[in-house]
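Results of the structural survey
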Amino acid sequence: MLRPWHQIPISASKDPLVEIPFRLLRLEPHPYLSLGAPYANGSSPWRLRSKVIDRLFLAQDLLKNTNSELQLAIFDAWRPLAVQKFMVEYSIQRECLNQAISFSDSNYSSKYQEIVDQVQKFWAPPSTNPLTPPPHSTGAAIDITLATSNGLPIDMGGAIDEIGDISMPNHYSQSAKTNPNSISATWHSRRLLLHEMMSSAGFVQHPNEWWHFSYGDQLWAWKNNSANAFYGSLSFSDSNSIIF
Ligand SMILES: C[C@@H](N)C(=O)N[C@H](C)C(=O)O
Ligand SMILES: [Zn+2]
């Protein structure tokens, strides 16, 4: 499924993919490694382009100055194409189970196709076309939330990766307006805070996901009216060297 930002050309930067320093909190164990996703040769998902990491530190400092009791907490970062494919297939199967659809009838069921469409609102296709890379395989995208200073993720009114309207960044805006003292208003303000810190540091947010942000990829270029994106897909060869 092509998105409007897939028409943006990529003029590939050589900014390297590097390990995210431990000063930024990681939510361990890594959710997709725990599911058995295929990270070749034990390669680390905790990596991003170096300039993206600089921006994350900026967002972290902004957050510290706004609310010293909170910190950023990273859920996922770099994702090889094989992992993107694994996670898309896993998510379709999980939704089939949740919605009691038989995966074995998949080819014949229109309900199955509905589930595929729902999942594709949240997961980018594992495209091998260099013109349409999935954002996480460029090293420019991050799934992130807020945590207390002692490392406990706070409730944002919906789990990361949930398939449904609850994941829309503004899902609670109406109920927050109607009832400013409700838990929905708290969730809305937490989502707004995350968005504000990340966007002040230069990131853009995915339209359907409160937790997904990127810097320098096609979505970022499209939202910023920039002629080019500067991060394309990268993957690791068996020897772990970077291939652009
Ligand atoms: C679903 C979520 N983890 C995610 O990363 N979604 C984006 C759009 C993606 O698959 O690149
Ligand atoms: Zn993401």
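Residues numbered from 1 in each chain as written. Chains lettered and ligands numbered in written order. Predicted model: local features only at pLDDT ≥ 70, side-chain atom pairs only at ≥ 80, totals over all residues. Heavy atoms only, no water.

**Some details on the site of ligand 1**
Close to ligand 1 lie 14 residues, the nearest being Arg79, Gln84, Phe122, Ala124 and Asp161. Here an oxygen atom of ligand 1 sits 2.9 Å away from a polar atom, N or O, in the side chain of Arg79. In this structure, an oxygen atom belonging to ligand 1 sits 3.0 Å away from a side-chain N or O atom of His136. Here ligand 1 loses 99% of its free accessible area of 320 Å² to cover by the protein chains. (Near = heavy atom within 4 Å. Polar contact = N/O pair within 3.5 Å; in protein donor to acceptor, adjacent residues only side chain to side chain. Areas by Shrake-Rupley, 256 points an atom, 1.4 Å probe, with all protein chains shown as cover.)

**Remarks on the coordination of the zinc ion (ligand 2)**
The zinc ion (ligand 2) binds to the protein through His136 (NE2), Asp143 (OD) and His212 (ND1); the donor distances cover 1.9 to 2.0 Å. Coordination at the zinc ion (ligand 2) is tetrahedral, judged from the four donor atoms that bind it and the angles of 88 to 124 degrees they form at the metal. Here the donor residues of the zinc ion (ligand 2) share one chain and are spaced in sequence as H-x6-D-x68-H. Here His212 lies in strand E7 (residues 212-214) and His136 lies in the loop between helix H4 (110-122) and strand E5 (141-148), a separation of 76 residues in the sequence. Comparing His136 with His212 shows no difference in burial state: the two are buried. (Donors = N, O, S within 2.8 Å, 3.2 Å for Na, K, Ca; no water. Tetrahedral: all angles 85-135°; square planar, octahedral: opposite > 155°, others 65-115°. Helix = DSSP H or I, 4+ residues; strand = E, 2+ residues; numbered from the N terminus. Buried < 20%, exposed > 50% of the residue type's maximum accessible area, 1.4 Å probe, protein only.)

**With respect to the packing of helix H3 (residues 81-98) against H4**
In the contact formed by H3 and H4, the axes pass within 9 Å of each other and the chain directions differ by 130 degrees. Relative to H4, the element H3 is oriented oblique. Every pair of crossing elements has a handedness; the one defined by H3 and H4 is right-handed. Contacts between H3 and H4 pair Val88, Ser91, Ile92, Glu95 and Cys96 from the former with Tyr112, Ile115, Val116, Gln118 and Val119 from the latter. For the contact of H3 with H4, a count of residues per class yields seven nonpolar, two polar and one charged. (Axes fitted to C-alpha atoms, helices over the stretch in contact; angles between N-to-C directions. Parallel < 35°, antiparallel > 145°, perpendicular 65-115°, else oblique. Left-handed = near helix turned anticlockwise from the far one by under 90°. Contact = heavy atoms within 4.5 Å. Nonpolar A, V, L, I, M, F, W, Y, C, P; charged D, E, K, R; others polar.)

**As for the nonpolar core**
Counting 61 residues, the largest nonpolar core has Leu56 and Met198 as its most contacted members. Mapped onto this core, the elements with two or more residues apiece are helix H2 (50-66), strand E4 (70-76), H3, H4, E5, helix H6 (183-200) and helix H7 (218-223). Broken down by element, this core gets its largest block of residues, six residues, from H2. In this view, Leu56 contacts Leu24, Leu48, Leu72, Ile74, Ile142, Ile144, Met198 and Phe203; residues no more than four positions away in its chain are not counted. (Core = buried A, V, L, I, M, F, W, Y, C linked by side-chain atoms within 4.5 Å.)

**A short note on the packing of aromatic side chains**
Considering all chains together, one arrives at 10 aromatic pairs under this definition. Look at Tyr32 and Phe75: their rings are 5.9 Å apart centre to centre, the planes differ by 80 degrees, and that puts the pair in the edge-to-face class. Taken together, the residues Tyr32 in helix H1 (residues 31-34) and Phe75 in strand E4 connect sequence positions 43 residues apart. Here the two residues Tyr32 and Phe75 agree in accessibility, since each one is buried. Between Tyr32 and Trp123, the aromatic rings sit 5.8 Å apart at their centres with planes inclined by 55 degrees, giving tilted as the arrangement. (Phe/Tyr/Trp six-rings, centres within 6.5 Å; stacked < 30°, edge-to-face > 60°.)

**Quick word on the UniProt feature "active site" (unreviewed entry) in the protein chain**
Mapped onto the present numbering, the UniProt feature "active site" (unreviewed entry) falls at Glu209. The topology assignment puts Glu209 in the loop between strand E6 (204-205) and E7. The exposure class assigned to Glu209 is buried, which follows from its relative accessible area of 4%. (UniProt positions renumbered as here; feature names shortened; annotations may be inferred.)

**Quick word on the pairing of E4**
Most of E4 sits inside the fold, with seven of its seven residues counted as buried. Pairing of strand E2 (residues 25-26) with E4, which is carried by two bridges, proceeds in the parallel orientation. Bridging across to E4, Arg26 finds its partner in Ile74. (Pairing = 2+ DSSP bridges.)

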